[in-house]
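Okay, here's what each chain looks like letter by letter:
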Amino acid sequence: MQISKIQPINFKSSNYQVSVSKDEQKTVKNNSELSAKYLDNLAMINTPAVKKVDKNANKNFQYKNNLRSMIQNNESVMMAIVPRTFTAEDLNGDDKITLCTGEKNGTFLSAISRLDELKADGINTLHILPIHPTGKKNAMGTAGSLYSPAKFVEDNGDLAIDPMLIDKNDPRSANEQFRAFIDECHKRDIKVMLDLPSCASVDLFEAEPELMAFGRNGEDKTPQGWADIRMFEPWADETHRELNPKLYEMHKQYVDACIDLGLDGIRADVARAKPTEFWDKLITYSHTKDPEFGWLGESYTYECASPQVNMMYDRPEDLLRAGFDDYYGQYHIFHDWKNAKEFNDYVKMNLDMSHRLPAGKSLIGSFLTHDDSSSMIHGGENFCKLTTVLQSTIPMCNPYFVDGFQSGDYYDYKYRGTKNEETFTNNDVMDEHRYRLAIFNLSRKPGGDHPDIERVLKGCLKMRSENLDVLADRNSSFIELHKREDKKDQIITYARHNNGRTILVVANKNPNRRVTGIIEIPGLKKNQKLVNMVPEYGEKSEFQPYQNELRVNLAPADAYVFEIDTPNIEKDRKGHVFKQKVTD
């Protein structure tokens, strides 16, 4: 209900002026009941449009964090969002948000309006990119990089929050508004994971030098290619492996603030920027406050750009042993893999790695992250749908998407590289990395012109949620299948099997050409009915089952999922069956 539509007793809606007759005025003086009614109506008129949340309200709703267990059980489905663009209002279509013309950037409170949309799509976890005040010196873009924070924690222990994300018309504090958003997520059983930047802005570097790293000649350490950030110094004495107490204390306060707000976990940006001792201590501390607090590490199986200047090599296994629950992995270079073998080998490599780690370690479906170019440029709409099917069915994986993917956003902003008079940094040039999600400017709401991607995404995630026993359970196997007549090895095919159930995945990696071949499937019967479990798209593909084999003619970037009756397939494919580590 809108406050403007409430009609208080004995009041006119225009100008909210009191309209009380002389007789009524006399009555008011002598009648305490009417006086109370008068005061109640006056209070109602002066009530803010958005009321402060009563912490005792909705007592029947009880929420309990279980993000860590969800990640370990491959049940988290993540969406990365940028609050300042999530609900932005670009009125003139120039892709940028110009506040002085009445356009609006997103806020925590406006973000609530999109939660039902994400829930309906099948998203159960949000990865919120950094929300802190951005640095102004040497800034990237006119709003500042999300990963160049001017402050992490306020003096009172609250999270430091970018004022842009706060609704100025709401009386609640910044942290109260953020908490309201988190509470609305939890009411929909959506977990919330906050991004922890790995470095500091130049502003923070100058304000807190005792936190910062310096070279042998006293120069500040800057990661290669990033003029707007400076590296932290994690060591007080690296030789004796003593951590920098002030840096650790700041991160400990950060964890406290996150848990006090009700956040469910942290995504650690460039996790390799700090030693494993640092993470082991910090993650262990977080679990003393919330055993289910989840940790996602931005770490790759091998880092494409390593070694960068002033940045150590990636070391995912060490980070996972130090307490991270899952890591990024390398699916973001899927488009560079030449054939199905490279894809299958990577799946098997992660399953093999799990047996060298504590049970329950996982990774995300990082086919697209905010650091990667839009999936649209690697094969268009059908390529997006293909990667959605794959990450919904591969083992040891928590599906992961970026806002805008669901409608095919190219992230190619019209304003890129132009000057803008409205700036909030010392830079008037609107820097953005082409084809990547905007993180340097006040930009339009993410979205493209291919809404059918969302239909396929929604259908795949629904299928996955209905078959977690085969597609997510750590006991479920990944079975490599032999092929014939697929000369360029473009047919991706594998079986997932658990407790007698088999789900078969068949896909064409090539986004440009059809491919034919024969898949050998021991136990497959000639009369096997093939019912696609995921939404169909693109050109029509053809399937013909025979005894122990399936002949296929696949359309470009097409993918199908079938349940087949092959209860003995693990035995029949002995030597080609792989599983994630189940228990310690």
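This is a predicted model, so every value here is computed, not measured.

Glancing now at the overall build of the protein chain. In terms of regular secondary structure, the protein chain is built from 16 helices and 21 strands. Taking all 584 residues of the protein chain together, the buried fraction comes to 54%. Residue pairs at least 24 apart in sequence account for 76% of intrachain contacts in the protein chain once pairs closer than 6 positions are excluded. For the protein chain, the exposed area adds up to about 25,400 Å²; of that, 47% sits on carbon and sulfur atoms.

Attention now goes to the packing of helix α9 (residues 245-261) against helix α10 (residues 276-289). Between α9 and α10, the shortest axis-to-axis distance is 10 Å and the interhelical angle comes to 30°. Between α9 and α10, the angle falls in the class roughly parallel. As α9 runs across α10, the sense of the crossing is right-handed. In this structure, α9 uses L247, Y248, H251, K252, V255, D256, I259 and D260 to contact α10, whose residues at the interface are F278, K281, L282, Y285, S286 and K289. Of the residues that constitute the contact of α9 with α10, the class distribution is seven nonpolar, two polar and five charged.

This brings us to the sheet that holds strand β8 (residues 265-268). Taken in spatial order, the eight strands line up as β1-β2-β3-β8-β9-β10-β11-β12 and close into a barrel, and their pairing is parallel. The pairing of strand β3 (residues 191-196) with β8 spans four bridges and is classified as parallel. Looking at β8, one finds that L194 is bridged to I266.

Moving on to helix α7 (residues 174-187). Every α-helix winds through 3.6 residues per turn, so residues three or four apart in the chain are directed the same way. End to end, α7 covers 20 Å across 14 residues, agreeing with the expected 20 Å (1.5 Å per residue, within 8%). Those residues of α7 that are buried are in contact with β1 (78-81), α5 (108-111), α6 (115-121), β2 (125-128), β3 and α9. Count one or two residues on from α7 and you reach D189, which has phi positive near 60°.

Right, let's talk about the pairing of strand β19 (residues 549-554) for a bit. Sheet topology note: the strand β17 (residues 515-520)/β19 ladder contains six bridges and is antiparallel. When the bridges of β19 are listed, G517 appears paired with V552. Pairing analysis gives five bridges linking strand β18 (residues 542-546) to β19, with the strands arranged antiparallel. By the bridge assignment, F543 is partnered in β19 with V552.

The next point concerns the pattern of salt bridges. Within the structure shown, the criterion is met by 42 salt bridges. D95 is the partner of R444 in a salt bridge, and the nearest nitrogen-oxygen pair spans 3.3 Å. A residue pair is termed long-range when its members are at least 10 positions apart, and R444 in the loop between β12 (397-402) and α14 (452-466) and D95 in the loop between α4 (83-86) and α5 qualify at 349 residues. For the pair R444 and D95, one class covers both residues: buried. For K191, the salt bridge identified is with D189, shortest N-O distance 3.2 Å. For K191, a relative accessible area of 2% puts it in the buried group. Looking at D189, the relative accessible area reads 43%, which means it is partly exposed. Counted as one network, the salt bridges with shared partners bring together E317, D318, R321, D352 and R356.

Quick look at α14 now. Taking 1.5 Å as the rise per residue, α14 with 15 residues should run 21 Å; its terminal C-alpha atoms sit 21 Å apart, in good agreement. Along its buried surface, α14 packs onto α6, α13 (380-391), β12 and α15 (468-471).

Glancing now at the packing of aromatic side chains. Applying the stated criterion to the full structure yields 31 aromatic pairs. Ring centres of F205 and F214 lie 5.5 Å apart, and the angle between their planes is 45°; on these two criteria the pair is classed as tilted. Owing to a relative accessible area of 12%, F205 belongs among the buried residues under this scheme. Relative accessible area serves as the criterion here: at 35%, F214 is assigned to the partly exposed category. On the numbers, 5.6 Å between centres and 85° between planes, the contact of F278 with W279 is edge-to-face.

Attention now moves to the sheet that holds β19. Strands sit in the order β14-β17-β19-β18 across an open sheet of four strands; the sheet is antiparallel. Strands with a single pairing partner mark the edges of an open sheet, and in this sheet they are β14 (482-484) and β18. Taken pair by pair, the neighbouring strands of this sheet meet at an average axis angle of 25°, ignoring direction. Pairing of β14 with β17 involves three bridges; the strand directions are antiparallel. Across the sheet, residue H482 finds its bridge partner in β17, namely E520.

Let us now look at the nonpolar core. L126, L159, F178, F181, W279 and F343 are the most contacted members of the largest nonpolar core, which totals 127 residues. Looking at which element gives the most residues to this core, the answer is α9, with nine residues. Each of domain 1 (77-466) and domain 2 (477-579) gives at least three residues to this core. Excluding anything up to four places from it in sequence, F178 contacts F108, I128, I131, L159, I161, L194, L261 and L263. Core analysis: the second largest hydrophobic core is formed by 17 residues, A495, L504, V506 and F562 among them.

Let us look at unusual backbone geometry. Of note in the backbone geometry, N138 takes a positive phi value of approximately 55° without being a glycine. Judged by relative accessible area, N138 falls into the partly exposed class, the value being 39%. Its identity is not glycine, yet Y411 carries a phi of approximately 55°, on the positive side. With respect to the element layout, Y411 can be found in the loop between β12 and α14.

Let's shift gears to the side chain of T98. In this fold, T98 is placed in the loop between α4 and α5. Take T98: its relative accessible area is 11%, and that puts it in the buried class. Setting aside anything within four residues of it in sequence, one finds T98 in contact with E103 and E422.

Rules of the game
Residues numbered from 1 in each chain as written. Predicted model: local features only at pLDDT ≥ 70, side-chain atom pairs only at ≥ 80, totals over all residues. Heavy atoms only, no water. Helix = DSSP H or I, 4+ residues; strand = E, 2+ residues; numbered from the N terminus. Buried < 20%, exposed > 50% of the residue type's maximum accessible area, 1.4 Å probe, protein only. Contact = heavy atoms within 4.5 Å. Areas by Shrake-Rupley, 256 points an atom, 1.4 Å probe, with all protein chains shown as cover. Axes fitted to C-alpha atoms, helices over the stretch in contact; angles between N-to-C directions. Parallel < 35°, antiparallel > 145°, perpendicular 65-115°, else oblique. Left-handed = near helix turned anticlockwise from the far one by under 90°. Nonpolar A, V, L, I, M, F, W, Y, C, P; charged D, E, K, R; others polar. Pairing = 2+ DSSP bridges. Expected span 1.5 Å × (residues − 1). Salt bridge = Lys/Arg side-chain N within 4 Å of Asp/Glu carboxyl O. Phe/Tyr/Trp six-rings, centres within 6.5 Å; stacked < 30°, edge-to-face > 60°. Core = buried A, V, L, I, M, F, W, Y, C linked by side-chain atoms within 4.5 Å. Domains from an automatic or database assignment.

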